[in-house]
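Residue-level listing of the chains:
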2 protein chains.
Amino acid sequence: MRKVSLELGSGGKLMRDFINQHILKTFKNPFLNELSDSAHLPREIAFTTDSYVVDPIFFPGGDIGTLGINGTVNDLIVSGAVPKYISLSLILEEGFLWEDMEKILKSIKMAAKRSGVEITTGDTKVVRRGQCDKIYINTSGVGTIIARPSIQKIRPGDKIILTGTLGEHSVAVMLARGDFGLESKVKSDCAPLNFLLPIWKKGARWMRDITRGGLATVLSELAEKLPCSVLIEEEKIPLSRAVRGATELLGIEPLYLACEGRAVLVAPGKKAIEILEEIKKDSLGKKAEIIGEVEDKVGKPGQLLLSTLAGGLRLLEPLTSELLPRIC
Amino acid sequence: MRKVSLELGSGGKLMRDFINQHILKTFKNPFLNELSDSAHLPREIAFTTDSYVVDPIFFPGGDIGTLGINGTVNDLIVSGAVPKYISLSLILEEGFLWEDMEKILKSIKMAAKRSGVEITTGDTKVVRRGQCDKIYINTSGVGTIIARPSIQKIRPGDKIILTGTLGEHSVAVMLARGDFGLESKVKSDCAPLNFLLPIWKKGARWMRDITRGGLATVLSELAEKLPCSVLIEEEKIPLSRAVRGATELLGIEPLYLACEGRAVLVAPGKKAIEILEEIKKDSLGKKAEIIGEVEDKVGKPGQLLLSTLAGGLRLLEPLTSELLPRIC
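Parameters at a glance
- Residues numbered from 1 in each chain as written.
- Chains lettered and ligands numbered in written order.
- Predicted model: local features only at pLDDT ≥ 70, side-chain atom pairs only at ≥ 80, totals over all residues.
- Heavy atoms only, no water.
- Salt bridge = Lys/Arg side-chain N within 4 Å of Asp/Glu carboxyl O.
- Domains from an automatic or database assignment.
- Contact = heavy atoms within 4.5 Å.
- Buried area = accessible area lost by both parts, 1.4 Å probe.
- Core = buried A, V, L, I, M, F, W, Y, C linked by side-chain atoms within 4.5 Å.
- Buried < 20%, exposed > 50% of the residue type's maximum accessible area, 1.4 Å probe, protein only.
- Helix = DSSP H or I, 4+ residues; strand = E, 2+ residues; numbered from the N terminus.
- Phe/Tyr/Trp six-rings, centres within 6.5 Å; stacked < 30°, edge-to-face > 60°.
- Pairing = 2+ DSSP bridges.
- Axes fitted to C-alpha atoms, helices over the stretch in contact; angles between N-to-C directions.
- Expected span 1.5 Å × (residues − 1).
- Least-squares fit on C-alpha atoms with pLDDT ≥ 70 in both.

**Let's talk about the pattern of salt bridges**
Taken as a whole and judged by the stated rule, the model has 37 salt bridges over all chains. Each member of the salt-bridge network shares a partner with another, and the members are A:Asp50, A:Arg212, B:Asp123 and B:Lys125.

Rendered as structure tokens:
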């Protein structure tokens, strides 16, 4: 009998197959078929949802509450909508510390304030001890559409911009679990991407926040839908010293690490510098870089290629195996 | 140290205190403050959310998927909106049977079709074995507002209409757990309340679906907000023979049992008969009854009173202790 495996939740190939073969086939409709970070509904409304099961619930740089707001807010922003209204649904484990819940509610309040959203509706369920792990949160979000991102508009010569360093969220959560006995000052990058909203007006063609599966998965899913290839340069990809150190030590590829406050976007070649400068003005975007471009001369259509530090060309595939369950 | 108890999830007094003292105080805003079954947002949009943790996930008359759609759809309907778009977020336990998931997805599809909604966006998380119980579902819903229910419009002489028999959902789930060694043919009443949408135009003042806490909790929360009392008559309250039998045997009060396809509404005295007839036309409403009225001569303002079969007058309070965890 087939059973659900942890890999299904990785944001990689297995999850994509599940979405294509089960979710899309079962619920086929024009809103869902887009598989965007949010559904664009009538009345210029965008709608998105995410459940958060991160372990541990408190980590350097944030907690499950911060994550629950920023994650949903970011899904709206990268799909071309101004985040406005959030629903908050809590699943609590019997025995969960009241004090921890109060801290998390406070984090939610702060994060909502920072990204300009209101908590407008909610629900609370309590399950017996051992039937969930402390607290799981679902937030859904409603926003107002200001841009219609389109993969069809992407052309060779368009630039790929990464808004900051990779992997802080994953490394912070991983080390907070204490599994590796490593100490580090890495803080999660968990943050709202509201500073990217003006970038839509400056001509960005497409954006995606980098979560489960990391940069490599997000960009290979983009490349697959293009009639050309995407080439990124390893030396251009910003990494903090701490993440570089931890990933080298643990033998993990930072290109597959989840972030919670970074996005990758496609900008027309001629506007790329202007857009990069605009992004760099915000403290959350100051490490932004043009890391590659859409190509029609290198590789085959649909491929994501990495020009490595060693001078080679490497084909990047979407994440296939689970790196870290319950990262978000 | 204070800890979360199962009672918090009961839909009774403890949950209300939590919502008032924590959720409302923390997230104060005009949308949330209404504490309606859905938030009325700009652009004539209503927005609601619910997580479903029912145990067992399959029960006579439905499963967690049917419940996940109907519950959210009903929250929109009773708050004056036509349900339109649903988000679907799954939290799956590692090892959950694929076959069961496929059954649940099919139930979701059927339920969505029946109530005229589309699944437009979603999310899937997988947690390790023992970190949830098989599957938890969150659905949020967006609908278009067709009526503005208002407690302020309620007047003495208004009638209380119950759309059907009480308690089938609770009894079906309770017996499916096998805790009582009872056999019964009771099926959950889980169903969409779309047939109530035309009732808004006929002049209904207020509606609520009867879920956790049951009829008594829903009506005592209504009564508390009124400058008058609410009187209901025990002999008018429709109960199926099976629910009557099971609740008598187990010593449970059916007035506190959760339903998943029943609503209670307030209709102007002069229109009550017409509205009742309209409700009875639908197969889901054929057991509907006028069970009481808004009073200014009996009891004190804010009270919910039951005129008992024995001829007495009993004050009904909101549910205080948990009857059944994970009923929905």
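After that view, the rundown keeps rolling.
**Examining the domain arrangement of chain A**
All names here are of chain A. For chain A, the domain assignment lists domain 1 (36-145) and domain 2 (151-316). Between the C-alpha centres of domain 1 and domain 2 the distance comes to 24 Å. Taken together, the contact pairs 24 residues of domain 1 with 23 residues of domain 2. Of the roughly 1,900 Å² buried between domain 1 and domain 2, counting both surfaces, carbon and sulfur atoms make up 61%. Taken together, domain 1 and domain 2 are joined by one salt bridge. Across the salt bridge formed by aspartate 37 and arginine 208, the nearest N and O atoms sit 3.0 Å from each other.

**A closer look at the nonpolar core**
Ranked by internal contacts, the top residues of the largest apolar core, which has 101 residues, are B:Leu196, B:Leu215, B:Ile232 and B:Leu265. For this core, the element with the most residues is helix H4 (residues 98-115) of chain B, which contributes seven residues. Formed jointly, this core draws a minimum of three residues from each of two domains, domain 1 (36-145) and domain 2 (151-316) of chain B. Aside from chain neighbours lying at most four places away, what touches B:Leu215 is B:Leu162, B:Leu166, B:Ile210, B:Ile232, B:Ile237, B:Leu255, B:Leu257, B:Val264 and B:Ile291. One finds A:Val73, A:Ile161, A:Leu175 and A:Val186 within the second-largest nonpolar core, a separate group that totals 71 residues.

**Here we look at the packing of aromatic side chains**
The full count for this structure, using the stated rule, is five aromatic pairs over all chains. Seen from their ring centres, A:Phe47 and B:Phe47 are 6.2 Å apart, and the 85 degrees between their planes marks the pair as edge-to-face. Separated into two different chains, A:Phe47 in strand S2 (residues 45-52) and B:Phe47 in strand S2 (residues 45-52) make up a pair that spans both. Comparing A:Phe47 with B:Phe47 shows no difference in burial state: the two are buried. For the pair A:Tyr85 and B:Phe31, a centre-to-centre distance of 5.2 Å together with 75 degrees between the ring planes defines the contact as edge-to-face.

**Brief notes about the sheet that holds strand S8 (residues 159-162) of chain B**
Residue and element names in this part refer to chain B. Here seven strands make up an open sheet; going across it, the order is S9-S11-S8-S12-S10-S13-S14 and the pairing mixed. Two strands bound the open sheet, and with one partner strand each, they are strand S9 (206-209) and strand S14 (313-316). Ignoring strand direction, the axes of neighbouring strands in this sheet form an average angle of 25 degrees. Both strand S10 (residues 229-233) and strand S12 (residues 289-295) contribute to a ladder of four bridges, which runs antiparallel. Bridge assignment links serine 229 to a residue of S12, and that residue is glutamate 295. Across the face of the sheet, helix H3 (residues 64-78) comes into contact with S9 and strand S11 (263-267) while running at roughly 170 degrees to S9.

**A closer look at helix H4 (residues 98-115) of chain A**
For H4(A), built from 18 residues, the straight-helix expectation of 26 Å at 1.5 Å per residue is met to within 8% by its first-to-last C-alpha distance of 26 Å. Just downstream of H4(A), A:Gly116 is the residue with a positive phi angle, here 75 degrees.

**Considerations on the interface of chain A and chain B**
Counting residues at the interface gives 76 residues for chain A, matched by 76 residues for chain B. Approximately 6,900 Å² of surface area, both sides summed, lies buried where chain A meets chain B, with 67% of it carried by carbon and sulfur atoms. Area buried by chain A at its contact with chain B is led by A:Val4, A:Arg43 and A:Trp98, which between them contribute 11% of it. Taken together, chain A and chain B are joined by four salt bridges. Breaking the side of chain A that touches chain B down by element, the ones donating at least two residues are helix H1 (13-27), helix H2 (30-33), strand S1 (39-41), S2, strand S5 (81-93), H4, strand S6 (118-127) and strand S7 (135-145) of chain A.

**Regarding the relation of the copies chain A and chain B**
Placing chain A over chain B gives an RMSD of 0.0 Å and needs a rotation angle of 180 degrees, together with 0.0 Å of translation along the axis. As the rotation angle and translation indicate, the two copies are arranged about a two-fold axis. Residues of chain A ranked by C-alpha distance from the rotation axis are headed by A:Cys132, positioned 2.1 Å from it. Most of the interface of chain A is mirrored in chain B, where 100% of its interface residues again form contacts.

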